[in-house]
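What follows is the residue order along each chain.
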Amino acid sequence: MELHWNPQYIDLQNVINIARGDRLRMLKYLDQFLELIPQRMDALKVSIADEDRKSTRQILHQMSPQLQFFGIPGVVTPIRRLEHEYQTMPLSELRALVMDILEQLENAVEEVQKVTQQV
């Protein structure tokens, strides 16, 4: 299966390996990403707008395994930091980190949408 993606936004090698070349299985994983991540992104936007630190942490924690599975670069370290420092970090810094993560996720969602057209 010959897929092309922008490694700045995603790394699908793990997904390809797990799907073992099965296009339907690959599409299932990609569709699951496109279903869950935008919903969680919306919830994350609400939680940060409400300044709800605990909810923000929980949402990011829930997303973390999928983001690792799909090889989203640059989000695992900030998420881990937020998981540990969410209560003590200045709100402006928390908001800035979340906004950076959301930007990465928006790019990743767009890239996954492009890849689904290739599968």
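Thresholds, definitions, all that
Residues numbered from 1 in each chain as written. Predicted model: local features only at pLDDT ≥ 70, side-chain atom pairs only at ≥ 80, totals over all residues. Heavy atoms only, no water. Helix = DSSP H or I, 4+ residues; strand = E, 2+ residues; numbered from the N terminus. Rg over C-alpha atoms; globule rule 2.2 N^0.38 Å. Buried < 20%, exposed > 50% of the residue type's maximum accessible area, 1.4 Å probe, protein only. Contact = heavy atoms within 4.5 Å. Areas by Shrake-Rupley, 256 points an atom, 1.4 Å probe, with all protein chains shown as cover. Lys, Arg positive; Asp, Glu negative; His and termini not counted. Charge placed at Lys NZ, Arg CZ, Asp CG, Glu CD. Axes fitted to C-alpha atoms, helices over the stretch in contact; angles between N-to-C directions. Parallel < 35°, antiparallel > 145°, perpendicular 65-115°, else oblique. Left-handed = near helix turned anticlockwise from the far one by under 90°. Phe/Tyr/Trp six-rings, centres within 6.5 Å; stacked < 30°, edge-to-face > 60°.

## Some remarks on the overall build of the protein chain
Point 1. Helix and strand counts for the protein chain stand at five helices and zero strands.
Point 2. Listing each helix as α and each strand as β along the protein chain from the N terminus yields α-α-α-α-α.
Point 3. Expected size for 119 residues packed as a compact globule is a radius of gyration near 14 Å; at 15 Å, the protein chain falls within 12% of this value.
Point 4. Per-residue burial for the protein chain yields a buried fraction of 41% across its 119 residues.
Point 5. Across the protein chain, contacts joining residues at least 24 apart in sequence account for 66% of those joining residues at least 6 apart.
Point 6. Accessible area of the protein chain: about 6700 Å², with a carbon and sulfur share of 46%.
Point 7. With 13 positive and 17 negative side-chain charges, the protein chain shows a spacing of 6 Å between the two charge centroids.

## Brief notes about the environment of Arg40
Point 1. Its location among the elements puts Arg40 in helix H2 (residues 23-49).
Point 2. Accessibility expressed as a relative area gives 23% for Arg40, which makes it partly exposed.
Point 3. It is 11 Å that separates the C-alpha atoms of Arg40 and Ser55, two residues lying 15 residues apart in sequence.
Point 4. With sequence-adjacent residues up to four places away left out, Arg40 is seen in contact with Ile59, Gln62, Met63 and Gln66.

## Focus on the side chain of Thr116
Point 1. Mapping Thr116 onto the fold places it in helix H5 (residues 91-116).
Point 2. The exposure class assigned to Thr116 is buried, which follows from its relative accessible area of 17%.
Point 3. Here Thr116 is in contact with Leu27, Leu30, Asp31 and Leu34, once residues within four sequence places are set aside.

## Observations concerning the packing of helix H3 (residues 53-69) against H5
Point 1. In contact at an axis separation of 12 Å, H3 and H5 are set at 30 degrees when each is read in the N-to-C sense. One finds that H3 runs roughly parallel with respect to H5. Our pair here, H3 against H5, has a crossing hand that is left-handed. Contacts between H3 and H5 involve Arg53, Thr56, Leu60, Met63 and Leu67 from the first element and Leu91, Leu94, Val98, Ile101 and Leu105 from the second.

## Here we look at the packing of aromatic side chains
Point 1. This structure, assessed with the given rule, holds three aromatic pairs.
Point 2. Here the aromatic rings of Tyr29 and Phe69 are separated by 5.4 Å at their centres, their planes lie at 65 degrees, and the arrangement is edge-to-face. Residue Tyr29 is located in helix H2, and its partner Phe69 is located in helix H3; the two are separated by 40 residues in the primary sequence. Phe69 shares its class with Tyr29; the two are buried.
Point 3. Seen in terms of ring centroids, Phe33 and Phe70 are 4.6 Å apart; in terms of plane orientation they differ by 45 degrees. Their pairing is tilted. Taken together, the residues Phe33 in helix H2 and Phe70 in the loop between H3 and helix H4 (76-85) connect sequence positions 37 residues apart.
Point 4. According to the relative accessible area criterion, Phe33 is buried, its value standing at 0%.

Shape descriptors only; they carry no functional weight alone.
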